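What follows is each chain in one-letter form.
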Amino acid sequence: MEKGRKRLAVLVGCNYPNTRYELHGCINDVLAMRDVLVKRFGFDPSHVQLLTDAPGSMVMPTGANIKAALENMVQQAEAGDVLFFHYSGHGTRIPSVKPGHPFRQDEAIVPSDFNLITDIDFRQLVNKLPKGASFTIISDSCHSGGLIDKEKEQIGPSTIKSTPSSSISNYRPKTIPFQSILDHLTSLTSINTLDIATHLLEFFGVDASLRFRIPQIELDLLESLKPDEGILLSGCQANETSADMNGIEGGGKAYGAFSNAVQMVLKENKGGLSNKEVVLMARKILEAQGIEQHPCLYCSDGNADAIFLWQHTADESD
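Residues numbered from 1 in each chain as written. Predicted model: local features only at pLDDT ≥ 70, side-chain atom pairs only at ≥ 80, totals over all residues. Heavy atoms only, no water.

Caption draft 1: Examining the overall build of the protein more closely. Scanning the protein from N- to C-terminus turns up 10 helices and 13 strands. The buried share of the protein, reckoned over its 318 residues, is 53%. Considering only contacts in the protein between residues 6 or more positions apart, those separated by 24 or more positions represent 77%. For the protein, the computed accessible surface area is about 14,000 Å², with 53% contributed by carbon and sulfur atoms. (Helix = DSSP H or I, 4+ residues; strand = E, 2+ residues; numbered from the N terminus. Buried < 20%, exposed > 50% of the residue type's maximum accessible area, 1.4 Å probe, protein only. Contact = heavy atoms within 4.5 Å. Areas by Shrake-Rupley, 256 points an atom, 1.4 Å probe, with all protein chains shown as cover.)

Caption draft 2: How the structure looks around the packing of helix α1 (residues 26–39) against helix α8 (residues 257–268). The geometry of α1 relative to α8 is characterised by a closest axis approach of 10 Å and an angle of 25 degrees between their N-to-C directions. With respect to each other, α1 and α8 are oriented roughly parallel. Considering only the axes of α1 and α8, their crossing is left-handed. Seen from α1, the contacting residues are Asp 29, Ala 32, Met 33 and Val 36; seen from α8, they are Ser 259, Val 262, Gln 263 and Leu 266. Across the contact of α1 with α8, the residue classes break down as five nonpolar, two polar and one charged. (Axes fitted to C-alpha atoms, helices over the stretch in contact; angles between N-to-C directions. Parallel < 35°, antiparallel > 145°, perpendicular 65-115°, else oblique. Left-handed = near helix turned anticlockwise from the far one by under 90°. Nonpolar A, V, L, I, M, F, W, Y, C, P; charged D, E, K, R; others polar.)

Caption draft 3: Seen up close, the packing of helix α2 (residues 63–76) against helix α3 (residues 119–127). Running from N to C, α2 and α3 point in directions that differ by 20 degrees, and their axes come no closer than 10 Å. Looking at the two axes, α2 sits roughly parallel to α3. Our pair here, α2 against α3, has a crossing hand that is right-handed. Side by side, α2 and α3 meet where Lys 67, Leu 70, Glu 71 and Val 74 of the first sit next to Asp 121, Phe 122, Gln 124 and Leu 125 of the second. Classifying every residue of the contact of α2 with α3 gives four nonpolar, one polar and three charged.

Caption draft 4: Examining the sheet that holds strand β4 (residues 91–95) more closely. Strand order in the open sheet formed by three strands is β4-β5-β6, with antiparallel pairing between adjacent strands. In the strand order of this sheet, the two ends are held by β4 and β6 (117–118), each with one partner. Note that strand β5 (residues 105–109) and β6 share two bridges and pair antiparallel. By the bridge assignment for β6, Ile 109 is matched with Ile 117. (Pairing = 2+ DSSP bridges.)

Caption draft 5: Representation of the pattern of salt bridges in the model. Within this structure, the stated rule accounts for 13 salt bridges. A salt bridge links Lys 150 to Asp 149, with the nearest nitrogen and oxygen atoms 2.7 Å apart. Take Lys 150: its relative accessible area is 34%, and that puts it in the partly exposed class. Take Asp 149: its relative accessible area is 5%, and that puts it in the buried class. Close ionic contact of Lys 152 with Asp 301 constitutes a salt bridge, the shortest N to O distance being 2.9 Å. Placement of Lys 152 in the loop between β7 (134–140) and β8 (153–155) and of Asp 301 in helix α10 (residues 301–304) is noted, with a sequence separation of 149 residues between them. By relative accessible area, Lys 152 is classed as partly exposed at 45%. Judged by relative accessible area, Asp 301 falls into the partly exposed class, the value being 46%. Each of Arg 5, Lys 6, Glu 78 and Asp 81 takes part in a single network of salt bridges with overlapping partners. (Salt bridge = Lys/Arg side-chain N within 4 Å of Asp/Glu carboxyl O.)

Caption draft 6: Representation of the packing of aromatic side chains in the model. Considering all chains together, one arrives at five aromatic pairs under this definition. Arranged with centres 5.8 Å apart and planes meeting at 55 degrees, the rings of Tyr 21 and Phe 114 form a pair that is tilted. Of this pair, Tyr 21 sits in the loop between β1 (7–13) and α1 while Phe 114 sits in the loop between β5 and β6; the two residues are 93 residues apart in sequence, bridging distant segments of the chain. Here Tyr 21 and Phe 114 have matching classes, each one buried. Judged by centre distance (5.1 Å) and plane angle (85 degrees), the ring pair of Phe 203 and Phe 204 falls under edge-to-face. Its relative accessible area of 41% is what places Phe 203 among the partly exposed residues. Clustering of aromatic rings is evident, with ring pairs tying together Phe 41, Phe 84 and Phe 308. (Phe/Tyr/Trp six-rings, centres within 6.5 Å; stacked < 30°, edge-to-face > 60°.)

Caption draft 7: Inspection of the environment of Ile 94 at higher detail. Positionally, Ile 94 belongs in strand β4. Measuring from C-alpha to C-alpha, the distance between Ile 94 and Ile 196 comes to 8.6 Å, with 102 residues separating the pair along the chain. In this structure, Ile 94 is in contact with Arg 104, Gln 105, Asp 106, Leu 116, Thr 118, Phe 178, Ile 196, Arg 211 and Phe 212, ignoring residues within four places of it in sequence.

Caption draft 8: The arrangement of the nonpolar core in detail. By size, the foremost hydrophobic cluster in this structure holds 48 residues, and its most contacted members are Leu 70, Phe 85, Phe 122, Phe 135 and Ile 196. Other than its neighbours up to four places away in sequence, Ile 196 contacts Ile 94, Leu 116, Phe 178, Ile 181, Leu 182, Leu 185 and Phe 212. In terms of nonpolar packing, the next biggest core, distinct from the first, is built from 35 residues, Ile 155, Leu 266, Ala 282 and Leu 286 among them. (Core = buried A, V, L, I, M, F, W, Y, C linked by side-chain atoms within 4.5 Å.)

Caption draft 9: Up close: unusual backbone geometry. Although it is not a glycine, Asn 18 adopts a positive phi angle of roughly 60 degrees. For Asn 18, the position within the fold is in the loop between β1 and α1. Unusually for a residue other than glycine, Lys 150 sits at a positive phi of about 65 degrees. Structurally, the position occupied by Lys 150 is in the loop between β7 and β8.

The analysis is restricted to geometry; functional conclusions fall outside its scope.
This is the structure we're talking about:
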């Protein structure tokens, strides 16, 4: 069946304005991606939903709003559809709740209200996809490797010897440490506990991540038992940070280093590129820029070589 009958996207940019965690390039990242989706990949503008925390924003990128937008997108999907989610903002790592994994950490993104969305939430969304639809995620955030729980690693932790420390100073890592998130949630709930699930459930209730709402035995049932149509292009490895470049020194716009690298790859290559090619080319650009983060790819073997967003042949002349 030909791919790409219907194209749907949710784009989320969180700059966290007027907070100590403020970033500068995340909204620019998703605005740039919206243009590319429409002009190059044939997305209908009315099928591209944008959630940002810009002043005056009608729909804030809270945990509940982001999940509702993604759920709605997945529910609309039919065989042959192309779904896309681009997130630019902070990420974090949380201690695993799995028994016997005391030192393991799991990945999450940090919406504007700190209602964490975890790898389990993305696994559940991918599991709901109808057969023949694809769901591509770009996460330009720290610790974004592995953001779809149990998705197969295709391009992972770099085996290349590390480059010298970056001399670039005009950037901020897109991470909020777990302890800072715990402190913030404690200030909201006034509950004296180190258990983040208690805080999230108390403050957000049913809008909290599945990871904190359902028993571990049920979480185990969510794992991927066969190759699926989830495709994650992460801005960095699970143990790395992603850079938010403030753009001030060059007099230009602020941007996320990975989002910008993807934009450069697409601009320089008008034809269809595989998911693997997009990630490897983005790695080369970041390395040339002296930015120490290694984008990764998580998906089935078939989707590693599949064309990014199933670009049509007709689009190649655009």
